[in-house]
Structure formats: structure tokens, C-alpha cells
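Working through the structure, step by step
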Amino acid sequence: MENSVNQMVVVVGPESAELDYVLTQLQVQVYQVDAFKQFKKTFRKHRPGVLILHVNDADSEALTCQVLSHVRVGLQDKDTIFIVAHSQQYMPDALNWIEEYSIASFITLSADKKAINQSVIDRNIKAWLRFVQVTEQHQAESNLLMSVAHLHRNNNNVNEVMLQFMQALSSIACASVQCRIKINAQGEGTLTSCAPALDTLERALTQAFHLPTLPAYLQRALTEKKPQIDLLPDAEAFSNLSQLLNLKLSSYLIFPIVVYGKVLEMMIFFIDENAMESVSMRQIDVISKAAEQLTMLLERKESERRLKKQCTRLKSALIELKETQEQLAHSEKMATVGQFAAGIAHEINNPLSFVLSNFGSMDNYLDSILNLQNLHDQFLSAVEMGNQHRKDEIKDEITHYRGQSEIDFIYDDMREIVAQSQMGLARVSDIIKDLQSFHGKAQHAQLDLKTLLANSLALLQSTNPSDIPIETNFTHHSEIVSNAGFIQQILTNLIKNAFQILELNAISEPIIEVSSTELNGVISISVTDNGPGISIEQQKRVFDPFYTTKKVGEGTGLGLAVSYNLSKRLGGSLQVNSQVDKYCKFTLVLPINAEGSPQ
């Protein structure tokens, strides 16, 4: 309630000069009613807190009984304060009314008791004001806690809940002015809203705070990350604010909104000097507890938001992955390429991006060359025409343009760009060649492994500059029925890897052994080197697409992945066994007579 409404008094019964005098001295708003129907209408409209029942005869006593019964019994109102004023000549049944209707006070209207009656009425009005204030405080505390509880609901807008929280907090603090300041990553503040919503008030607050730099008392709240209540540090800075609102601001409450240890914003409340006595330790305790609950719930909300965002990203990624798989599944020939999709795009994109970037430079260089060519054409025309003056001018232009455009650097850089572009495109070609093993049907035939090995070594001669010796030890007896091209590619990849590992690690006595064994209807072909070996962690990833231990640009990471998939298509498997600093052994296991999985 506003102050004028709280101090409104309804007088029921006949008019009284003594009572009018007392109420005039108290400067309260008075409504006089002398009929029950008129009382009900006035009470319903204004809901006064103090009723003065003037009794001086039987009719006024009967009206008083009607009013008391209606309020206490009919409306079940136990809070309204009743004062019975009676003349010296007429004394109502005080004891019965006190017991039945909880009358607060009885006063006798006479000239010699005006001061006492004024004191009694004033005391009851103040008691009502305290009751209203306590009720509003309790309601504000309830609203504060409810606004925090609303954060539990996922459908609640956080900003709306924060506004409810701010309004409830303003009521608890008995604040006359409130505002919100958003804090950025640099610890600077921006005023986002204020109440009352006045442009002049917003400008006055921004000026008083000296934003965006935070004054010391705001900086303290930012550092300590907890509510602060204190007297205004600089009354002069807020004098314009007090004059603007016709208030006497004396104190402030700063409420920082903290999420995961970071202050996102500050709610600031200014308290009028007359309202300071209404702020108790109980309210401060409630505010502190609400701050803790709000922080926990905001952090939970933020976690939920991040989780939902991550879930949305994962769902989108899953949908994209499924769409990609569906696009690749149009042919069984490309079924095994699915796991390479993301890696292929990345590996091919790097050299292609480099080449495309080079073409941008080439385009600029071509403009420079054409401009120079145009100057040369003009020079030749001047020579043919015998125009010596024009010839000298163009010659100077050519000399100037060559220096300005750095044409000699352009010629050198163009050769470098062409060479680098060729290297990038060659890398793309190598990647595509590795992937081509997935195309075509697997033609099965009876194979001679020794011949296959010889062909593989012939292909690898250029990649064995160190002449690393290769020993063979074939103990199998059966001829294998399988796909010659697939097996040759697997052997080529395994032996090529062994060459590179031994050469890169400068093994003193390098050697590669290729052997075969036959057992229980399968033939195992092993390629073993005496290099540094592979750790257990690397063994878990060695067949993953694009996984490589080589330097950037020295390998695509597709060789072993392609070999692994080819072994599956042949109905066999590819295994690795290694000990660090001793050896590394890859074994291709193939069925002797199985047809594999021709595609």
C-alpha cells in the first residue's frame, strides 16, 4: 500500500466535533459513513486498516454491532484494527465486545481527553502501518524465494524470472530506485535498465556511477561476489538523483549475479533515508540465502543450456553423418569408404586450398605481366613510328613499372608457385590412388606368393635408396586362391612402411623379413622389421584412417587403413604385433580356398 492509503481511517457512526478535531491533528485521510450499506461499499473499495466506531446512542451501537459482525465473522478479517469512540453519557458493553470482536482500544470523547485520544489513535495507526509493512516484507520474501524456485521450470524465461527476482528484492530492501548493470569480460559496466523507467533517471545513474569504469564500491562487489549493503559513499554524486525523484537517498544494496565464479551483472537498489529503519538483519539474511540459491540454480541452468546446446550439436552431427552414410551407401562398392569421408575431405582440402590460393597470386601476377606486355607493345609501336620522344617516355614507364611491380620477383615466384602447386596436386593424386583400391570387383585366382613378392619388391626399388636387405622365409605348401592385386597392394604398403621406418630412425643394421606359414586352412604372411617398434597405444590406432606417426606432408595415413579393409574383403585379417625398440610385425592372414568378399 502507499502511505496515504495506509493512513486512511473510516469513521462509522454519527459525526463528532471532538473526533474530527483529533483526526485533523493527525493529518490522516478520513471517510465518514453512517449507514451499513455505505460502510460495506467504502470498506470493499478502500480496505482501510483502522476503523473508528462512534457510539453515542442505541442506533449507532446497533450499526457498530453490524459492522463488527460483518468484518470479523462474515469476512473473517482478524487484522483490521477497531477503535470504539463513545461519549461520556453512553458506554457500550466493552468487555463483551473486546472478547467477541477483538477491539483494540476504547476512547471517551471529551474536551479534556483530546491529547490522550490523539495518542491512542496515532498508536493504532502506526501499529497498522507496521503490520502492513511486515506483511509486505513477508510477501516480498515469499516472492523472492518463489522467483528463485521458478528457475526449476525449464519453460520459464530466465530474464523474466530475473525481473521478478529484482522486483521482489526491491520490496524486501524497501528500495525507491533500482537498476541493472551488465558486466563485460573486461570488468566494465553498462546500465541495461532502471526503475522508475525514466530517460533522465538512466542518464543520472550512468553519470553517478561514472560508467563504464566501475567505482570502488561496485568494484568491491565484483571482487567479493556477494551482496553489499552500505551508506552511499558519495552523497554529492547522487544529489541530482535525489533531486530528480524528490527523495533523500542514503543507502544502497548491491546484488551481484554470479555464475561459475563470474559476475554477469549487478542489481543495485537505492534506499530512502526514511525506509532504512525497515531494513533488518532478517531481510539481509534472506537476501544472502537467496543469493546462494540463485547462484546454484543459475549455474544449473547454464549447465543445462550447455548440455542442450551440445546435445543439439551432436544430434545435428548425427543427422549429417546418417545423411552422408545414406549418400555413400548407393553402391556396395563404396561401402567401406564411409569411415574415410571426414578424413578424405580434410586431407584433400589442404593441398587443394593451397593450389587455389596460388592461383589467386598467379592471377595478380598475370595482370602485372600483361600490363608490362602492353607497355612493351607501345614501345615497339613508338620505335616503328620513329617517335623518339614517345619511345623514351615509354622506356621510362617500363623501367618504373618493372621496379614498382617487382617483375623479376614475380617471374621467380611464378616458377615457385607452379612447382608447389604440382607438389600439392601430386599429393591429391597419391590420396586418390590409395582410395582406388576400393573400386572394381575382386577377381580371384590361384596365386604364387613368391612371384607376388618379387613384383612388389620391383615396384619398391625406388623407395629403398638405402638398399635395406629383405629376407624371405616361405614355409607354406598350398597355393592360395585370392585376388592378386589386393594382396600385392597390401604387401607393397607393409614393405614400404618398413623401408621408411628403418630409414627415418637410422637403424645401424636394418633388415626386413617376409615369411609365410600354413596352419588349419589359412596362410599367414608376415612382414617384420627391426625398427623402433610401435607402442601399445599406437597399436590400437594404427589401422585408423589418416592416423600416421610421420611428419606433416610425408604420409597420408591411408596405407594401413586401406590394407586392413582389403584384408577384410579377402575374407582374412591384418594384425600387428610389436615390442618397442625391438621389432614390428604385421601379419596378413588369408583363407586358402575362400572366395572372400568380392565386390
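Refer to the structure above for everything that follows.
In this text, all values refer to a predicted model and were calculated from it rather than measured experimentally. (Residues numbered from 1 in each chain as written. Predicted model: local features only at pLDDT ≥ 70, side-chain atom pairs only at ≥ 80, totals over all residues. Heavy atoms only, no water.)

1. Some details on unusual backbone geometry
Defined as follows: A run of DSSP states H or I qualifies as a helix once it reaches four residues; a run of E qualifies as a strand once it reaches two. Both are numbered from the N-terminal end.
Cis peptide bonds are those with omega within 30 degrees of zero, and the linkage from Ala195 to Pro196 qualifies with 0°. Note on placement: Pro196 falls in the loop between strand S7 (189-195) and helix H8 (199-209). In this model, Leu211 is joined to Pro212 through a cis peptide bond whose omega is 10°. With respect to the helices, strands and loops of the structure, Pro212 is situated in the loop between H8 and helix H9 (216-224). Notably, Gln27 is not glycine yet its phi reads approximately 55°, a positive angle. For Gln27, the position within the fold is in the loop between helix H2 (17-26) and strand S2 (30-33).

2. Looking at empty space enclosed by the protein
One simple way to see leftover space: roll a probe sized like a water molecule over the atoms. Selection criterion: Two kinds of site are reported from a 1 Å grid over the protein atoms alone, namely cavities, where a 1.4 Å probe fits but cannot get out, and pockets, open sets with protein on both sides within 12 Å along at least five of seven lines, and residues are called lining when an atom falls within 4 Å of a point. Grid points are joined across faces, edges and corners, and a volume is the space filled by probe spheres set on the points. In this classification, the charged set is Asp, Glu, Lys and Arg, the nonpolar set is Ala, Val, Leu, Ile, Met, Phe, Trp, Tyr, Cys and Pro, and all remaining amino acids, among them Gly, are polar.
All chains considered together, the criterion is met by 1 cavity of 30 Å³ or more. One number sums up the size of the largest cavity: a volume of about 30 Å³. Lining the largest cavity, in full, are Phe255, Pro256, Ile257, Val258, Ala291, Leu294, Thr295 and Leu298. The set of elements that each furnish at least two residues to the lining of the largest cavity consists of strand S9 (249-259) and helix H11 (281-328). Along the lines of polarity and charge, the residues of the lining of the largest cavity split into 7 nonpolar, 1 polar and no charged.

3. Some remarks on a negative patch on the surface
Heads up, the rule is: Patch building starts from residues that exceed 30% relative accessible area and form no salt bridge, then joins like charges within 9 Å and nonpolar side chains (Val, Leu, Ile, Met, Phe, Trp, Tyr) within 5 Å. In this description, accessible areas are obtained by the Shrake-Rupley approach with a 1.4 Å probe, and a residue is regarded as covered only by the protein chains that are shown. Within this document, salt bridges are pairs made up of a side-chain nitrogen of Lys or Arg and a carboxyl oxygen of Asp or Glu, the two lying within 4 Å of each other. Asp and Glu are treated as the negative residues and Lys and Arg as the positive ones, with His and the ends of the chain left uncounted. Every charge is mapped to an atom, namely NZ of Lys, CZ of Arg, CG of Asp or CD of Glu. Exposure categories follow from relative accessible area, calculated using a 1.4 Å probe and restricted to protein chains: below 20% of the type maximum is buried, above 50% is exposed, and the middle band is partly exposed.
A surface patch of like charges, here negative, comprises Glu15, Glu18, Asp20 and Asp34. Owing to a relative accessible area of 34%, Asp20 belongs among the partly exposed residues under this scheme.

4. Concerning the sheet that holds S9
We count it as follows: Note: two strands are recorded as paired if DSSP finds a minimum of 2 bridges between them. Note on method: axes are straight lines fitted to C-alpha atoms, helices fitted across the in-contact stretch only, with angles between N-to-C directions ranging 0 to 180 degrees. The contact definition used throughout considers only heavy atoms, calling two residues in contact when any of these lie within 4.5 Å.
Reading across the sheet, the 5 strands line up as S7-S6-S10-S9-S8 and stay open at both edges, with antiparallel pairing between neighbours. The sheet terminates laterally at S7 and strand S8 (228-231), the two strands that pair on one side only. With strand direction ignored, the average angle separating the axes of adjacent strands in the sheet is 20°. Bridge count between strand S6 (residues 175-183) and strand S10 (residues 262-272): 7 bridges; the pairing is antiparallel. Residue pairing for S10: Gln178 is matched across the bridge by Phe269. Seen against the sheet, H8 touches S6, S7 and S10 and runs at an angle of roughly 140° to S7.

5. Describing the packing of aromatic side chains
Quick note on the threshold: Stacked, tilted and edge-to-face are the three classes assigned to paired rings of Phe, Tyr and Trp, where Trp is represented by its six-membered ring and a pair needs centres within 6.5 Å; plane angles under 30 degrees give stacked, over 60 edge-to-face, the rest tilted. A ring is scored as having a charge over it whenever the NZ atom of a lysine or the CZ atom of an arginine sits within 6 Å of its centre and within 35 degrees of its normal.
All chains considered together, the criterion is met by 7 aromatic pairs. With a centroid separation of 6.0 Å and 25° between ring planes, the pair formed by Phe209 and Phe270 is classed as stacked. Placement of Phe209 in helix H8 and of Phe270 in strand S10 is noted, with a sequence separation of 61 residues between them. Overall, the relative accessible area of 0% leaves Phe209 in the buried class. You can call Phe270 buried: its relative accessible area is 1%. Through a chain of ring-to-ring contacts, three or more aromatic side chains come together here, namely Phe36, Phe39 and Phe43. The cationic tip of Lys114 hangs over the ring face of Tyr21; the distance from NZ or CZ to the ring centre is 4.4 Å.

6. Details of the nonpolar core
Heads up, the rule is: Here, the term nonpolar core denotes a set of buried Ala, Val, Leu, Ile, Met, Phe, Trp, Tyr and Cys residues that are joined through side-chain atoms within 4.5 Å.
In terms of nonpolar packing, the biggest core is built from 34 residues, with Ile487, Ile512 and Phe586 touching the most fellow members. For this core, the secondary structure elements donating two or more residues are helix H15 (449-459), helix H16 (484-504), strand S14 (512-519), strand S15 (522-529), helix H18 (559-569), strand S16 (573-579) and strand S17 (583-591). For this core, the leading source of residues is H16, giving 9 residues. Apart from residues lying up to four places away in sequence, Phe586 is in contact with Leu494, Ile525, Ser526, Val527, Ile534, Val542, Phe543, Leu560, Gln575 and Val576. Of all hydrophobic cores here, the second largest spans 29 residues; its members include Ile183, Leu205, Leu245 and Met266.

7. What to know about the pattern of salt bridges
Where charged atoms from two side chains of opposite charge come close, those side chains can pair. If you walk through the whole model with that rule in mind, you get 8 salt bridges. A salt bridge links Lys126 to Asp122; the nearest nitrogen and oxygen atoms lie 3.3 Å apart. One end of the pair, Lys126, and the other, Asp122, are both in helix H6 (residues 114-149), 4 residues apart, so they sit about a helical turn from each other. Exposure remark for Lys126: the relative accessible area of 43% places this residue in the partly exposed category.

8. Quick word on the packing of H16 against H18
The criterion, for reference: Working definition: roughly parallel below 35 degrees, roughly antiparallel above 145 degrees, roughly perpendicular at 65 to 115 degrees, and oblique for all remaining angles. Take the far helix as the reference: if the near one is turned anticlockwise from it by less than a right angle, the crossing is left-handed, and if turned clockwise, right-handed.
Packing of H16 against H18 leaves a shortest axis separation of 9 Å and a crossing angle of 150°. Viewed along their axes, H16 and H18 adopt a mutual orientation that is roughly antiparallel. Remark: the crossing between H16 and H18 carries left-handed chirality. Contact with H16, carried on its side by Phe486, Gln489, Ile490, Asn493, Leu494 and Asn497, involves Gly559, Leu560, Val562, Ser563, Leu566, Ser567 and Arg569 of H18 and no other residues of that element. Considering only residue class, the contact of H16 with H18 consists of 6 nonpolar, 6 polar and 1 charged.

9. Things to note about the pairing of strand S3 (residues 50-55)
Counting buried residues along S3, 6 of its 6 residues qualify, which places the element largely inside the surrounding structure. In S3, alternate side chains face the same way, and those of Val50, Ile52 and His54 on one face and Leu51, Leu53 and Val55 on the other are all buried. Relative to S3, strand S1 (residues 9-12) is paired through 4 bridges, and the arrangement is parallel. Note on S3: the bridge partner recorded for Val9 is Val50.

Read these as geometric descriptors, not functional statements.
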